[in-house]
Amino acid sequence: MQSQNNSITNGIIWKQLLLFSAPLLVGNLFQQLYNTVDSIIVGNYVGRNALAAVGSSTVIINMIIGFFMGIATGAGVLVSQFYGAGDKKGVHDTVHTGMLAMVYSGIILTGLGIALSPVIIHLMGTPQEVQSSSILYLRVFFIGITALMIYNMGAGLLRAVGDSKRPLYYLIAASICNIILDFIFVLFFKLGVLGVALGTVFSEILSAILVLLALMRDTDCYQLILRDLHIHEKHLIAIVKIGLPAGLQQSVISFSNVIVQSKINVFGAAAMAGYSAYTKIDSFVTLPFMSLSLASTTFIGQNIGAKKWDRVKKSARTSFLFSAVITIVLSAVIVILGKKLLAIFTGDTDVIYYGTLMLKYMAPFYIICAFSNVCSGIIRGAGETKIPMLIMVGNYCVLRIIWLSIITVFVHNIIVVFLGYLITWSTAAIMMFIYYKKGSWLSRNR
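Along every chain, residues carry numbers that run from 1 in the direction the sequence is written. Where totals are concerned, whole chains, interfaces and linings use all residues; where local detail is concerned, this predicted model gives features only for residues with pLDDT of at least 70, and gives and counts side-chain atom pairs only at 80 or more. With hydrogens and water stripped out, all remaining heavy atoms of the structure feed into the side-chain values.

Asks: Which residues make up the overall build of the protein chain, and what are the values?
Replies: Across its full length, the protein chain holds 16 helices and zero strands. Two things to know: the radius of gyration comes from C-alpha atoms, and the globule rule equals 2.2 Å times the number of residues to the power 0.38. The globule rule puts the C-alpha radius of gyration for 446 residues at 22 Å, and the 21 Å found for the protein chain is close to it. With the C-alpha coordinates aligned to their principal axes, the bounding extent of the protein chain is approximately 55 × 45 × 35 Å. Whether two residues are in contact is decided by their heavy atoms, any of which lying within 4.5 Å being enough. Residue pairs at least 24 apart in sequence account for 85% of intrachain contacts in the protein chain once pairs closer than 6 positions are excluded. Each accessible area value is a Shrake-Rupley result obtained with a 1.4 Å probe; residue values ignore everything except the protein chains displayed when judging cover. If you sum the accessible surface of the protein chain, you get close to 17,400 Å²; carbon and sulfur atoms cover 69% of it. Counted as positive: Lys and Arg. Counted as negative: Asp and Glu. His and the chain ends are not counted at all. The atoms used to mark charge sites are NZ of Lys, CZ of Arg, CG of Asp and CD of Glu. Looking at charge distribution, the protein chain has the averaged site of its 31 positive side-chain charges lying 9 Å from that of its 16 negative ones. Secondary structure elements follow DSSP: runs of H or I of four or more residues count as helices, runs of E of two or more count as strands, with numbering from the N terminus.

See the structure below:
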């Protein structure tokens, strides 16, 4: 086994967690740049409607990506536990099962997505002036979805064995490619929304090729050997058992954001664009604790596989501390510099007004959201995904939709939409804390 694995199960916890999560964080930042750069370019060089189109399509994209990232998490948890326990065959079979399952899923989604994009955009209540651009952006995204899924699976497998650096390098390369192509397609070829969509797809293909080459060239037990690609039923069931709840959690929560988007849409293109712009800023605040959540899953999984229970608890406490400090600092930055950050996306005063309004009701409370997500990542590392899924989905989706469905009937004010986030973050954090302290997620593995 690699020394990186030994550092996870034997090294100084705070140092190794920081070193492991830092590339994850930077990698996620670059991945977020894909859509952020799209929004900045169309917002400044194409217009308000184009920014609204990219934003409204993004919530659908996040819902789909979230589901399959959850499935990839299932494969990652399984690999991390096999790797920590020294089970080379288990690692090998899981890697090949997970990768082939992603390829099949991507091909099916491409066909369905291209066919159903107009229906999806219409059901969201997207204004007429934005619909055609939204459909175009979404259809082009589906063309590249297989490459995106291959990258996410490959990156998750590398992280599961303790390698968080190479996925970072590949994302940096893909993000630079995306930025260059966006400028070429939009500024020189005047392709508008189509241009930024094509830039994203070509960049995703690049990242998929790089991660595949890395896995194929490695000589450890997680090496990807094309002739060994096969669906091992036992491992597929295990991946789905662990990953399906996480995938449903992410996709259903993202579905609630589709409902939020539909409620935003009734306030017009300026509100849609303002919401879109702020959600890009929001993503950069949430990325650190999401990265720590992913890192915690690997740390917990490998240390449980190695039967090092004291390190499991210490890793959890360290993750909570890091996420709290980082989130508080970033929240303060957003509160202070919010308007200037929104101005990067557009000079439209109406758009900035709606973005600033959203900032006011969300930025001070990210610490609550951070706790829930890191706690969920810790518990997933133990292979326990059902309860975290039920807590997150029950609050972030069901309760949020109930709130929006009832309150918007009586109050036609965009502020009540923003308040839905604060309410559901708080209820989820309370329930997650109770389950974490109960400790049954850990005792089942002893």
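Asks: Could you give an account of the pattern of salt bridges, naming the residues involved and the relevant values?
Replies: Any carboxyl oxygen of Asp or Glu within 4 Å of a side-chain nitrogen of Lys or Arg constitutes a salt bridge here. Using the criterion set out here, one finds four salt bridges in the structure. Across the pair Lys89 and Asp93 runs a salt bridge, and its minimum N-O distance is 2.7 Å. One end of the pair, Lys89, and the other, Asp93, are both in helix α4 (residues 88–123), four residues apart, so they sit about a helical turn from each other. The rule is simple: take the accessible area with a 1.4 Å probe, protein chains only, and divide by the maximum for that residue type; under 20% is buried, over 50% is exposed, in between is partly exposed. Exposure remark for Asp93: the relative accessible area of 5% places this residue in the buried category. The network of salt bridges with shared partners includes Asp163, Arg166 and Asp218.

Asks: Go over the packing of aromatic side chains, please, and point to the residues and values.
Replies: Put simply, two rings from Phe, Tyr or Trp (the six-membered ring, in Trp's case) pair if the centres are within 6.5 Å, and we call them stacked under 30 degrees between planes, edge-to-face over 60, tilted for the rest. For the structure on display, the rule yields 10 aromatic pairs. Judged by centre distance (6.4 Å) and plane angle (50°), the rings of Phe185 and Phe189 are tilted. Stacked on the ring of Tyr396, the Lys or Arg Arg400 has its end atom at 5.2 Å from the ring centre. A ring is scored as having a charge over it whenever the NZ atom of a lysine or the CZ atom of an arginine sits within 6 Å of its centre and within 35 degrees of its normal.

Asks: Can you lay out the environment of Leu148 for me, pointing to particular residues and giving the numbers?
Replies: Here Leu148 is to be found in helix α6 (residues 145–160). As for Leu148 and Leu17, which are separated by 131 residues in sequence, their C-alpha atoms are 26 Å apart.

Asks: Please set out a nonpolar patch on the surface residue by residue, giving values where relevant.
Replies: Patch definition: residues with relative accessible area over 30% and no salt bridge; like charges joined within 9 Å; nonpolar side chains (Val, Leu, Ile, Met, Phe, Trp, Tyr) joined within 5 Å. Residues Leu321, Val325, Ile326, Val329, Val333, Val335, Ile336 and Leu337 make up a contiguous nonpolar surface patch of roughly 680 Å² in combined accessible area. Counting through the fold element by element, Val333 comes out in helix α11 (residues 309–342).

Asks: How would you explain helix α14 (residues 386–410) if you had to name every residue and give the values?
Replies: Taking 1.5 Å of rise per residue, 25 residues should cover 36 Å, and α14 covers 35 Å from first to last C-alpha, within 8% of that figure. Think of it this way: the bend at a residue is just the angle between two axes, each fitted to seven residues, one set ending at that residue and the other starting at it. Roughly 35° is the biggest bend found in α14, and it falls at Gly394. Along α14, the positions that sit buried rather than exposed are Pro388, Met389, Ile391, Met392, Val393, Asn395, Tyr396, Cys397, Arg400, Leu404 and Ile407. Here, expected helix span is obtained from the residue count minus one, scaled by 1.5 Å.

Asks: A description of the environment of Leu442 should follow, citing residues and the corresponding values.
Replies: Along the chain, Leu442 falls in helix α16 (residues 440–443). Overall, Leu442 belongs to the buried group, its relative accessible area being 7%.

Asks: Go over the nonpolar core with me, naming the residues and quoting the values.
Replies: Nonpolar cores are built from buried Ala, Val, Leu, Ile, Met, Phe, Trp, Tyr and Cys residues. Side-chain atoms within 4.5 Å join them into one set. Val91, Phe141, Tyr222, Ile264, Tyr278, Ile378 and Trp441 are the most contacted members of the largest nonpolar core, which has 127 residues in total. When residues of this core are assigned to their parent elements, the largest contribution, 19 residues, is made by helix α3 (residues 48–85). Not counting residues up to four positions away in its chain, the partners in contact with Phe141 are Ile61, Ile65, Leu148 and Val201.

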